[in-house]
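This is what each chain is made of:
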Protein chains: 2
Amino acid sequence: MDPRRLLIFRAVARAGSISAAARELGWTQPAVSQHLRTLERSTGCALLLRSATGVQLTEPGRVLLSRADALAVQLHLAEEELADLTSLRRGRVRLAAYPSAAATLVPRAVAGLRERHPDVDVELTEAEPPQALALVAAGDVDLALVFSYDDPPAELEWRPLGVEPVALVVGGEHWAATRGRLTLGDLAEEPWVVGCERCRAHAVRVCAEAGFEPTVRHVSDDYVVVQNLVAVGLGVTLLPRSALEAYRHPSVAVRDHPSYGTRRFGLVHREGADSVPATAALVRELSA
Amino acid sequence: MDPRRLLIFRAVARAGSISAAARELGWTQPAVSQHLRTLERSTGCALLLRSATGVQLTEPGRVLLSRADALAVQLHLAEEELADLTSLRRGRVRLAAYPSAAATLVPRAVAGLRERHPDVDVELTEAEPPQALALVAAGDVDLALVFSYDDPPAELEWRPLGVEPVALVVGGEHWAATRGRLTLGDLAEEPWVVGCERCRAHAVRVCAEAGFEPTVRHVSDDYVVVQNLVAVGLGVTLLPRSALEAYRHPSVAVRDHPSYGTRRFGLVHREGADSVPATAALVRELSA
DNA sequence: GTGCTTTACGAATACCGTAACGATC
DNA sequence: GATCGTTACGGTATTCGTAAAGCAC
């Protein structure tokens, strides 16, 4: 049974005549008449009795009308709900982000989104880029904010958001001892503190370019932990700017230099996922 | 929003891929793909994300799916209920019938219908033909069992069911007094008992053909009342056979003769009403 | 006459299938 | 290579409008 014909039948039943329904639908009378004939043929029984004054429902017609009403309600609800989602009157986005972004960029974007669209909810999952990519692939999040020290992997489709410098972070005594003229080479013999896999690889590469292989003494993803280790003199480290923006230990010294490299960050989502209005809105906020 | 596309979308969501849905629907893949594209275009947001392994719903897609499910349920219920009505697993017919038929023909037909289709209900309204016709016209009953002494009115579309003779009914003494060779002319001076408007007209016409105008003393629609009046000698009357079949007073005498005329009976319904299965079934029972 | 209905028929358009192609496992 | 997806395009079938006609108030 064609649901469109059910709706046409409903229009006729409610209007009381085929002509009136045709006027409401913006059609001609015969068009509506034909649909009714087809519907009655497919159901095998008379749904309405025609007369010069209009139509009157038969018992099957009355039964069918109540179903048609329910169907129309569902269709209307579907349209309403979709309209709510497209106009951002409601919605949900699941975002994965690495820790230092989750502490800086993300809260600002979420606040901006919330201000403009209070009923669009963001669900944040903190995850390092590899895991974040897996979450996207598995469909567990809609959007992932990830970083890359190198050029972004060629195979990965991502939306670049920005570049941040990597800084050298040392204990205050180092700074004092070198009278502020610290070079990477001065730290060849120091113990190093490194973070995640990719951060460690970056540190090793940067050191190699300075002519030595760093001795990794401590490993922690957590930029607060890392800075505390550095602050008490247990090692030195490289940290991206956003980590230092998120948290800055009072007694570490920070130095910038092009040779420390940069870190790119950007957004990853499944193909087409940015056509979901709530996701697109969060992308816009994060891009701003 | 085209409800058919909602159902197609539902098929895809449930099957997990466009190809699988196309196989279920007996269509080709591009056909389904095009419908989805149209649906997404009309809603303005992505409903599902395509990949080489199939499709995955977006948030709007999940919302829409639940509406599509509800819609499919209603459509299925509509089909079920209509099928029940057409196959006479349920239904209702409203019948108007004149008293003597309501006492004879109708109970047999209703019993037959009930035996074959226990859940098809008949609602009987006792009504003389003119009122029965009005009930049909107003849509208050589906079917009317009516009679006519003359040829059925030309303007009326009816389904003839049969003809019954009209009998002369007199008190036993008349019968004895005339030694069973009673003629209508013998009763010219008797008081007459007549029933409804049309029965009275018939009686007057029959008497006129016999050469006299009857003196109407008593008037009653009720064939039990009429026979009791006749039985105690308060008058004579003409009654159709069905009234005598419904009730026969033990001490009245009944005589048949072509000159008493006949009464035709048949069914009236609105144009097309016999396309309602339950009505058609009752028509069949009454015609048997 | 004015309103309701229907049928018949032609033209526009919606729809499905075929063919060709790209991406992923 | 098998299976997923898409786009492009053509023929068929649906579907709507027009025209003509029948009925009831």
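Computed from a prediction, not measured in an experiment: that's the story for all the values here. (Residues numbered from 1 in each chain as written. Chains lettered and ligands numbered in written order. Predicted model: local features only at pLDDT ≥ 70, side-chain atom pairs only at ≥ 80, totals over all residues. Heavy atoms only, no water.)

**As for the protein's contact with DNA strand D**
Item 1. Residues in close proximity to DNA strand D total 24 residues, the closest being Arg4(A), Arg5(A), His35(A), Ser19(B) and Ser33(B).
Item 2. Between Arg4(A) and DNA strand D, the recorded distance is 2.6 Å, taken from a side-chain N or O atom to a phosphate oxygen.
Item 3. The side chain of Arg5(A) places a nitrogen or oxygen atom 2.6 Å from a phosphate oxygen of DNA strand D.
Item 4. Sorting elements by how many residues they give to the surface near DNA strand D places helix 3 (residues 29–43) of chain B first, with five residues. (Near = heavy atom within 4 Å. Polar contact = N/O pair within 3.5 Å; in protein donor to acceptor, adjacent residues only side chain to side chain. Helix = DSSP H or I, 4+ residues; strand = E, 2+ residues; numbered from the N terminus.)

**Focus on the domain arrangement of chain A**
Residues and elements named next belong to chain A.
Item 1. Its domain assignment divides chain A into domain 1 (3–86), domain 2 (91–161 + 265–287) and domain 3 (164–262).
Item 2. The centre of domain 2, based on its C-alpha atoms, is set 28 Å off from the matching centre of domain 3.
Item 3. Listed as interface residues are 13 residues of domain 2 and, on the opposing side, 15 residues of domain 3.
Item 4. Interface area for domain 2 against domain 3, summed over the two sides, is near 1100 Å², with a carbon-plus-sulfur share of 56%.
Item 5. The tally of links between domain 2 and domain 3 comes to one salt bridge.
Item 6. The partner of arginine 108 in a salt bridge is glutamate 245, and the shortest N-O contact between them spans 3.4 Å.
Item 7. At the surface where domain 2 touches domain 3, the tally comes to three residue pairs in polar contact (both at pLDDT 80 or more).
Item 8. Elements supplying a minimum of two residues to the side of domain 2 that touches domain 3: helix 5 (99–103), helix 7 (129–138) and strand 5 (143–148).
Item 9. When residues in the side of domain 2 that touches domain 3 are grouped by element, the largest group, three residues, is from helix 5.
Item 10. Partitioned by chemical class, the residues of the side of domain 2 that touches domain 3 number seven nonpolar, three polar and three charged. (Domains from an automatic or database assignment. Contact = heavy atoms within 4.5 Å. Buried area = accessible area lost by both parts, 1.4 Å probe. Salt bridge = Lys/Arg side-chain N within 4 Å of Asp/Glu carboxyl O. Nonpolar A, V, L, I, M, F, W, Y, C, P; charged D, E, K, R; others polar.)

**Some points on the UniProt feature "domain: HTH lysR-type" (unreviewed entry) in chain A**
Item 1. The sites that UniProt annotates as "domain: HTH lysR-type" (unreviewed entry) are residues 1–58 of chain A.
Item 2. Structurally, residues 1–58 of chain A comprises 62% helix and 14% strand, and the distance from its first C-alpha atom to its last is 18 Å. (UniProt positions renumbered as here; feature names shortened; annotations may be inferred.)

**Brief notes about the protein's contact with DNA strand C**
Item 1. The full set close to DNA strand C counts 24 residues, and Ser19(A), Gln29(A), Ser33(A), Arg50(A) and His35(B) are the nearest of them.
Item 2. Counting only atoms of DNA strand C within 4 Å of the protein, the fraction found in sugar and phosphate groups is 65%.
Item 3. One of the side-chain N or O atoms of Ser33(A) is found 2.6 Å from a phosphate oxygen in DNA strand C.
Item 4. Arg50(A) has a polar side-chain atom sitting 2.6 Å from a phosphate oxygen of DNA strand C.
Item 5. For the surface near DNA strand C, the elements supplying multiple residues, two or more each, are helix 2 (18–25), helix 3 (29–43), strand 1 (48–51) and strand 2 (54–57) of chain A together with helix 1 (3–15) and helix 3 of chain B.
Item 6. Its residues assigned to classes, the surface near DNA strand C shows eight nonpolar, 11 polar and five charged.

**Concerning the nonpolar core**
Item 1. Ranked by size, the top nonpolar core spans 46 residues in total, and within it Phe9(A) and Phe9(B) carry the most contacts.
Item 2. Residue contacts for Phe9(A): discarding those within four places in its chain leaves Leu36(A), Leu39(A), Leu47(A), Leu48(A), Leu57(A), Gly61(A), Leu64(A) and Leu65(A). (Core = buried A, V, L, I, M, F, W, Y, C linked by side-chain atoms within 4.5 Å. Buried < 20%, exposed > 50% of the residue type's maximum accessible area, 1.4 Å probe, protein only.)

**Side note on helix 12 (residues 277–287) of chain A**
Item 1. The element helix 12 of chain A is largely enclosed, with a buried count of nine among its 11 residues.
Item 2. Residues of helix 12 of chain A that are buried: Pro277(A), Ala278(A), Thr279(A), Ala280(A), Ala281(A), Leu282(A), Val283(A), Glu285(A) and Leu286(A).

**Considering empty space enclosed by the protein**
Item 1. The full count for this structure, using the stated rule, is four cavities of 30 Å³ or more.
Item 2. Size it by volume and the largest cavity reaches roughly 250 Å³.
Item 3. Elements supplying a minimum of two residues to the lining of the largest cavity: helix 5 (99–103), strand 7 (191–194), helix 9 (197–209), helix 10 (223–231) and strand 9 (237–240) of chain B.
Item 4. Residue composition of the lining of the largest cavity, grouped by class: 16 nonpolar, five polar and three charged.
Item 5. For the lining of the largest cavity, the domains that each give at least three residues are domain 2 (91–161 + 265–287) and domain 3 (164–262) of chain B.
Item 6. If you go around the second largest cavity, you meet 22 residues; those closest to its centre are Cys199(A), Asp221(A), Leu239(A), Pro240(A) and Arg263(A). (1 Å grid on protein atoms, 1.4 Å probe; cavity = no way out; pocket = protein on both sides within 12 Å on 5 of 7 lines; lining within 4 Å. Points joined across faces, edges and corners; volume = space filled by probe spheres on them.)

**What about the interface of chain A and chain B?**
Item 1. The interface is formed by 46 residues belonging to chain A together with 46 residues belonging to chain B.
Item 2. Interface area for chain A against chain B, summed over the two sides, is near 3900 Å², with a carbon-plus-sulfur share of 62%.
Item 3. It is Glu59(A), Arg67(A) and Leu82(A) in chain A that bury the most area against chain B; as a group they hold 16% of the surface buried on that side.
Item 4. Linking chain A to chain B there are two salt bridges.
Item 5. When the shortest N-O distance is used, the salt bridge between Glu81(B) and Arg67(A) registers 2.7 Å.
Item 6. Applying the counting rule to chain A against chain B returns 12 residue pairs in polar contact (both at pLDDT 80 or more).
Item 7. Secondary-structure elements contributing two or more residues to the side of chain A that touches chain B are helix 1 (3–15), strand 1, helix 4 (59–86) and strand 3 (91–97) of chain A.
Item 8. Broken down by element, the residue count for the side of chain A that touches chain B peaks at 17 residues, all from helix 4 of chain A.
Item 9. Looking at the side of chain A that touches chain B residue by residue, the class counts come to 22 nonpolar, 11 polar and 13 charged.

**Points about the environment of Leu229(A)**
Item 1. Summarising the element assignment, Leu229(A) is placed in helix 10 (residues 223–231).
Item 2. When residues no more than four places from it in sequence are discounted, the contact partners of Leu229(A) are Val193(A), His218(A), Leu234(A) and Gly235(A).

**Section: the packing of aromatic side chains**
Item 1. The final tally for this structure, using the stated rule, is six aromatic pairs over all chains.
Item 2. Centre to centre, the rings of Tyr98(B) and Phe147(B) are 4.8 Å apart; their planes meet at 85°, and the pair counts as edge-to-face. Taken together, the residues span a long stretch of sequence, with Tyr98(B) in the loop between strand 3 (91–97) and helix 5 and Phe147(B) in strand 5 (residues 143–148) at a distance of 49 residues.
Item 3. A relative accessible area of 3% means that Tyr98(B) is categorised as buried.
Item 4. Look at Phe147(B) and Tyr149(B): their rings are 5.7 Å apart centre to centre, the planes differ by 75°, and that puts the pair in the edge-to-face class.
Item 5. Here the aromatic residues Tyr98(A), Phe147(A) and Tyr149(A) are joined through ring pairs into a cluster of three or more.
Item 6. Cation over ring: Arg263(A) sits above Phe147(A), and NZ or CZ is 3.8 Å from the ring centre. (Phe/Tyr/Trp six-rings, centres within 6.5 Å; stacked < 30°, edge-to-face > 60°. Lys NZ or Arg CZ within 6 Å of the ring centre and 35° of its normal.)

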